[in-house]
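Single-letter residue listing:
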Amino acid sequence: MEEKLRELQTEAEAALQAAATEQQLDEIRARYLGRKGAVRQIRQSISGLPEEERPLVGQACNKLQKTLEKLVAARQDALAEGQDDAAAAGETLDVTLPGRTPRIGRKHPLTQTLEDAVSIFLGLGFSVAEGPEVENYHYGFEALNYPADHPAMDEQMTFYIGENTLLRSQTSTVQIRVMEGQEPPVRVVVPGRCFRRDTVDATHCHTFYQIEGLLVDEGVTMADLRGTLEAFAQGMYGEQTHVRFRPDFFPFTEPSAEFALSCTMCGGEGCRVCSDTGYLEIGGCGMVDPNVLRNVGYDPEKYTGFAFGFGIERIAMLRHGIDDIRLFYSGDMRFLAQF
Ligand code: DAH
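Please read all numbers here as calculations on a predicted model, not as lab measurements.

Bringing helix H7 (residues 173-181) into the picture now. Within H7 the residues assigned to the buried category are Thr173, Val174, Gln175, Ile176, Val178 and Met179. On its buried side, H7 packs onto strand S2 (134-136), helix H6 (137-140), strand S4 (186-195), strand S5 (207-217), helix H9 (290-295) and strand S9 (304-311).

Once that is clear, we can look at the nonpolar core. Core analysis: the largest hydrophobic core is formed by 44 residues, its most contacted members being Phe308 and Phe310. When residues of this core are traced back to their parent elements, those giving at least two are helix H5 (109-123), S5, helix H8 (222-237), strand S7 (253-262), strand S8 (279-288), S9, helix H10 (312-320) and helix H11 (333-336). Setting aside residues no more than four positions away along its own chain, Phe310 makes contact with Phe121, Tyr209, Gln210, Ile211, Phe232, Phe259, Ile282, Gly283 and Ile315. One finds Leu144, Val178, Val186 and Val296 within the second-largest nonpolar core, a separate group that totals 24 residues.

Another point: the packing of aromatic side chains. Summed over all chains, the structure comprises 15 aromatic pairs. Measuring from ring centre to ring centre gives 5.7 Å for Phe121 and Phe126, while their planes differ by 75 degrees; the resulting arrangement is edge-to-face. Looking at Phe121, the relative accessible area reads 0%, which means it is buried. When its relative accessible area of 5% is taken as the criterion, Phe126 is described as buried. Geometrically, the ring pair formed by Phe328 and Tyr329 is edge-to-face, given 6.5 Å between the ring centres and 70 degrees between the ring planes. Exposure remark for Phe328: the relative accessible area of 2% places this residue in the buried category.

In this section: the domain arrangement of the chain. Per the domain assignment, the segments making up the chain are domain 1 (2-90) and domain 2 (110-336). For domain 1 and domain 2, the distance between their C-alpha centres works out to 96 Å.

We now examine the site of the ligand. Every one of the 15 residues lining the ligand counts as a neighbour, but Gln170, Ser172, Arg196, Gln210 and Glu212 are closest to it. At a separation of 2.8 Å, an oxygen atom of the ligand approaches a polar side-chain atom of Arg196. For the ligand, an oxygen atom lies 2.8 Å from a polar atom in the side chain of Gln210. When isolated, the ligand has an accessible area of 350 Å², and the protein chains bury 90% of it. Of all the cavities here, the one that holds the ligand is the largest pocket. Where the shell around the ligand is concerned, the elements lending two or more residues are S5, S8 and S9.

Bringing the pairing of S8 into the picture now. Most of S8 sits out of view: 8 of its 10 residues are buried. The pairing of S7 with S8 spans 8 bridges and is classified as antiparallel. Pairing of Phe259 across the sheet is with Gly283, part of S8. Both S8 and S9 contribute to a ladder of 5 bridges, which runs antiparallel. Among the inter-strand pairings, Gly283 is bridged to a residue of S9, identified as Phe310.

Before going further, it helps to examine empty space enclosed by the protein. Empty space among the atoms becomes apparent when a probe as large as a water molecule is rolled across them. This model, assessed by the stated rule, comprises 1 cavity of 30 Å³ or more. Taken together, Ala12, Leu16, Ile28, Arg29, Tyr32, Leu33, Leu68 and Val72 form the lining of the largest cavity. Within the residue set of the lining of the largest cavity, elements represented by two or more residues are helix H1 (2-18), helix H2 (22-33) and helix H4 (54-90). Considering every element that reaches the lining of the largest cavity, the biggest residue donor is H2, with 4 residues. In terms of residue class, the lining of the largest cavity is made up of 7 nonpolar, no polar and 1 charged.

Rules behind the numbers
- Residues numbered from 1 in each chain as written.
- Predicted model: local features only at pLDDT ≥ 70, side-chain atom pairs only at ≥ 80, totals over all residues.
- Heavy atoms only, no water.
- Buried < 20%, exposed > 50% of the residue type's maximum accessible area, 1.4 Å probe, protein only.
- Helix = DSSP H or I, 4+ residues; strand = E, 2+ residues; numbered from the N terminus.
- Contact = heavy atoms within 4.5 Å.
- Core = buried A, V, L, I, M, F, W, Y, C linked by side-chain atoms within 4.5 Å.
- Phe/Tyr/Trp six-rings, centres within 6.5 Å; stacked < 30°, edge-to-face > 60°.
- Domains from an automatic or database assignment.
- Near = heavy atom within 4 Å.
- Polar contact = N/O pair within 3.5 Å; in protein donor to acceptor, adjacent residues only side chain to side chain.
- Areas by Shrake-Rupley, 256 points an atom, 1.4 Å probe, with all protein chains shown as cover.
- 1 Å grid on protein atoms, 1.4 Å probe; cavity = no way out; pocket = protein on both sides within 12 Å on 5 of 7 lines; lining within 4 Å.
- Sits in = over half its atoms within 2 Å of the grid points.
- Pairing = 2+ DSSP bridges.
- Points joined across faces, edges and corners; volume = space filled by probe spheres on them.
- Nonpolar A, V, L, I, M, F, W, Y, C, P; charged D, E, K, R; others polar.

Next up, the structure:
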């Protein structure tokens with residue numbers, strides 16, 4: 001009988017050692033220690049043994065029962081710990097990994113240039129005005145003194161949304177809205193988006209930005225215009241920059257001029273950027289046409305004024321050495337991240 005008990009213990013120990021799950025452990029427990037388990041069966045057989053053997057076998061059974069209970073408990077602990085380890089292994093946190101840097105946004109290069117331009121004009125005493133991108137014929141052309149057959153009104157240049165509704169092709173439209181809304185003195189700059197039916201290439205885009213300037217007061221001369229534009233040019237590109245005026249035509253100014261800057265790349269000596277001319281054409285300007293003043297109810301005998309307008313893309317391209325306007329609208333982070 002003692003032999004049998006020893007065999008049972010060896011067998012149980014091996015089984016416990018091999019138990020890999022709680023379920024297997026429960027089965028083993030039932031097999032050896034359960035109500036119908038091996039130990040119990042031996043106990044039940046004790047009554048059939050010779051009298052003198054009974055107490056010895058009884059004690060051996062108790063001992064075996066205790067031993068197995070301890071082994072089961074120990075195995076249970078080992079399994080639980082193993083499970084924790086396995087779970088921990090599944091969700092490792094490697095604190096030595098470098099963090100992910102969040103991408104920090106910044107202003108678009110066009111916005112930066114636009115804001116810098118506006119800020120120069122604010123310093124000169126101008127304030128900022130805005131107007132609608134969707135305009136009507138009156139503000140778009142008529143009140144700006146365009147004769148009825150001017151080519152700028154062709155659909156070639158302007159997007160018409162309806163018979164009388166169009167996307168503004170220049171910020172000059174806002175001149176009229178500002179003057180209609182107030183009496184002189186007027187001193188505004190108008191940054192804004194414009195649209196033209198232009199074929200997209202390295203220097204043209206159907207959607208672009210302009211900044212318009214308008215100053216109306218008593219005794220304003222073309223010298224004031226020139227001084228203002230030169231102050232802008234020097235604020236943007238440096239003290240060495242100067243302005244060149246050449247005669248031009250715009251319906252809403254008389255006289256009108258095209259204004260150019262001494263080349264920001266070569267300083268006027270001639271280079272690839274200025275096509276060896278030493279100058280960069282920037283925009284249009286002139287003295288506000290008396291007809292325009294009359295259109296908004298100002299007395300042209302009392303007031304004179306100047307106006308100017310130019311594209312922001314060109315200013316930004318010269319500033320940063322960008323040779324293709326399309327880059328501004330590409331949304332390409334490799335380009336944008338440089339500014
Ligand atoms: N609006 C003109 C254009 O888009 C630029 C311009 C010329 C604006 C003369 C002016 C001006 O205010 O006086 O080509």
